[in-house]
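Residue-level structural notes
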Amino acid sequence: MRTRPLKVALLGCGVVGSEVARIMTTHADDLAARIGAPVELAGVAVRRPSRVRDGIDPALVTTDATALVKRGDIDVVVEVIGGIEPARTLITTAFEYGASVVSANKALLAQDGAALHAAAEEHGEDLYYEASVAGAIPLIRPLRESLAGDKVNRVLGIVNGTTNFILDKMDSTGAGYQEALDEATALGYAEADPTADVEAFDAAAKAAILAGIAFHTRVRLDDVYREGMTEVTAADFASAREMGCTIKLLAICERAADGGSVTARVHPAMIPLSHPLASVRGAYNAVFVESDAAGQLMFYGPGAGGAPTASAVLGDLVAVCRNRLSGATGPGESAYAALPVSPMGDVVTRYHISLDVADKPGVLAQVATVFAEHGVSIDTVRQQGRQDSDGEASLVVVTHRASDASLSGTVEALRKLDTVRGVASIMRVEGE
Ligand SMILES: NC(=O)c1ccc[n+]([C@@H]2O[C@H](COP(=O)([O-])OP(=O)(O)OC[C@H]3O[C@@H](n4cnc5c(N)ncnc54)[C@H](OP(=O)(O)O)[C@@H]3O)[C@@H](O)[C@H]2O)c1
């Protein structure tokens, strides 16, 4: 074993960074044995230096992350600050100064992954980011390496624990969205400002990363269709149950049937109770991968939290250190397929539509005609007169597979009918 240690600069020592430092210390001997050289924490960059940080030598702490990265003797920079800047500049500076990078930064990778990969390649360094998607769950390496000989057609997953906790609460207790969100906040599953989670920005970033790797194609955050879950109601869950389904916020990356394009999207969807993703409870994450040769694979586990995320960071750190000792680099960006990313209108799926309609003869036929005119074929339709009603009924239509563009056209036309008083909800049905 080499006795000269590999030097690690830790940028950020918060929820994830503090656990990275702890595991580096407590598992130092095992890490050294697995890598073939000791790893030394050479510096820790933070924003608030006076904060007490258990187990961290105060002499290592600095507020000057740039100077730490530019020291010239750093082998690996672990970036767990988050956000776009200064993380992006620090990572590119690390490459320029001869260090490889391990990052957990989904927002940055989804936005600027291609440029960061190019910078890593230019300087002959590694860029690893297993922790950026679904915390502890190994996903990036399985897609990038284990499935490198297969053809992935679909990645379907629950990649945000906060929203899964909220939806699971709504499902199991009948709670409304706000009540479930309040509980998630009280238990520490949701941040004070939950926008990134509930409006699905976080899941969209992960979908972009997964789609890019799965389809060997550049997929940017802007390419991902995004719909949050704040509009999901207790009534939607009741409708889902009637169909033998539950509701999950899903990230769905798909290769088109003809193989010529891909799509990436994040939105709430009904999913059959028999689907493995339906039984993912609480704040857990799970990702279902479908490929030509392997068939269906399911990855499941804690998608966030300090220690689980640090586990993924440490796995990357070991891999990068091993590469460094052998004078090699791991796989870089693979975007050779360069498939076009199609818009949401091209996505084909099934829909559950709930309409408030006038409770009188002929309405059903009128509604059915609109669906037919837009090429959307109806699977089932259910009409319910309402006890409290002022001449209104609820009409629930479940369609066969149709394009999102056709469905949008249908809904637009339905809204113009005098007999349709309102479109109560539209929910996609996935996983069948
Ligand atoms: N938390 C999770 O469960 C989780 C899961 C998966 C991925 N991630 C990703 O991991 C990354 C870190 O998340 P986190 O939850 O650990 O965040 P966090 O608890 O907010 O920690 C951020 C750390 O960065 C430091 N920092 C902020 N700005 C800085 C600057 N300009 N220069 C130097 N240090 C700076 C902070 O310093 P102070 O300590 O002085 O404030 C803090 O130590 C993010 O990219 C996040 O998306 C997190």
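In this text, all values refer to a predicted model and were calculated from it rather than measured experimentally.

Some details on the environment of aspartate 202
Within the element layout of this structure, aspartate 202 appears in helix 10 (residues 201-215). The exposure class of aspartate 202 is buried, given its relative accessible area of 12%. In this structure the C-alpha to C-alpha distance between aspartate 202 and leucine 221, which are 19 residues apart in sequence, comes to 10.0 Å. Here aspartate 202 is in contact with Lys106, Val159, Asn160, Ala196 and Asp197, once residues within four sequence places are set aside.

Focus: the site of the ligand
The immediate surroundings of the ligand are formed by 22 residues, with Cys13, Val15, Val16, Arg48 and Gly305 found nearest. Between cysteine 13 and the ligand, the recorded distance is 2.8 Å, taken from a backbone N or O atom to an oxygen atom. At 2.9 Å, a side-chain N or O of arginine 53 approaches an oxygen atom of the ligand. For the ligand, the accessible surface in isolation is 910 Å², of which the surrounding protein chains cover 80%. The residue makeup of the shell around the ligand, split by class, is 11 nonpolar, 6 polar and 5 charged.

Let's talk about the pattern of salt bridges
Per the counting criterion, the structure on display carries 26 salt bridges. Between arginine 22 and glutamate 19 there is a salt bridge; the shortest N-O distance is 2.7 Å. Taken as a pair, arginine 22 and glutamate 19 lie in helix 1 (residues 15-26) at a separation of 3 residues, close to a single helical turn. A relative accessible area of 40% means that arginine 22 is categorised as partly exposed. The class for glutamate 19 is buried, based on a relative accessible area of 19%. Its salt-bridge partner being arginine 88, residue glutamate 85 comes within 3.1 Å of it at the nearest N-O pair. Exposure remark for glutamate 85: the relative accessible area of 42% places this residue in the partly exposed category. Linked by salt bridges that have partners in common, Arg154, Glu254, Arg265, Glu290 and Glu430 make up one network.

Regarding the environment of proline 276
The residue proline 276 is located in the loop between strand 10 (262-272) and strand 11 (284-291) in this model. Through-space distance from the C-alpha of proline 276 to that of alanine 338 is 31 Å; in sequence the pair is 62 residues apart. Excluding anything up to four places from it in sequence, proline 276 contacts Phe288 and Met298.

Some remarks on the pairing of strand 12 (residues 295-302)
Looking along a regular strand, one sees the side chains alternate between the two faces of the sheet. Looking at chain direction, strand 11 and strand 12 are connected through 8 bridges and run antiparallel. For glutamate 290, the partnering residue across the bridge sits in strand 12 and is glutamine 296. Between strand 11 and strand 12, which follow one another and run antiparallel, lie 3 residues.

Here we look at the sheet that holds strand 6 (residues 127-128)
Strands belonging to one sheet form pairs held by backbone hydrogen bonds; the direction of such a pair is parallel or antiparallel. Pairing is parallel across the open sheet formed by 6 strands, whose spatial order is 3-2-1-4-5-6. The two strands at the open ends of the sheet, each matched to only one other strand, are strand 3 (61-62) and strand 6. Summarising the sheet, strand 1 (residues 6-11) and strand 4 (residues 76-79) pair through 4 bridges and their orientation is parallel. Its bridge partner lying in strand 4, alanine 9 is registered against valine 77.

Concerning the packing of aromatic side chains
For any pair of aromatic rings, the description rests on two quantities: the centre-to-centre distance and the angle between the ring planes. Taken as a whole and assessed by the stated rule, the structure comprises 2 aromatic pairs. Between tyrosine 284 and tyrosine 300 the ring centres are 5.2 Å apart and the planes differ by 5°, which places this aromatic pair in the stacked class. Of this pair, tyrosine 284 sits in strand 11 while tyrosine 300 is found in strand 12, placing the two residues 16 residues apart along the sequence. A relative accessible area of 38% means that tyrosine 284 is categorised as partly exposed. Its end group placed over the ring of tyrosine 128, arginine 144 keeps NZ or CZ at 5.1 Å from the ring centre.

Conventions we followed
- Residues numbered from 1 in each chain as written.
- Predicted model: local features only at pLDDT ≥ 70, side-chain atom pairs only at ≥ 80, totals over all residues.
- Heavy atoms only, no water.
- Helix = DSSP H or I, 4+ residues; strand = E, 2+ residues; numbered from the N terminus.
- Buried < 20%, exposed > 50% of the residue type's maximum accessible area, 1.4 Å probe, protein only.
- Contact = heavy atoms within 4.5 Å.
- Near = heavy atom within 4 Å.
- Polar contact = N/O pair within 3.5 Å; in protein donor to acceptor, adjacent residues only side chain to side chain.
- Areas by Shrake-Rupley, 256 points an atom, 1.4 Å probe, with all protein chains shown as cover.
- Nonpolar A, V, L, I, M, F, W, Y, C, P; charged D, E, K, R; others polar.
- Salt bridge = Lys/Arg side-chain N within 4 Å of Asp/Glu carboxyl O.
- Pairing = 2+ DSSP bridges.
- Phe/Tyr/Trp six-rings, centres within 6.5 Å; stacked < 30°, edge-to-face > 60°.
- Lys NZ or Arg CZ within 6 Å of the ring centre and 35° of its normal.

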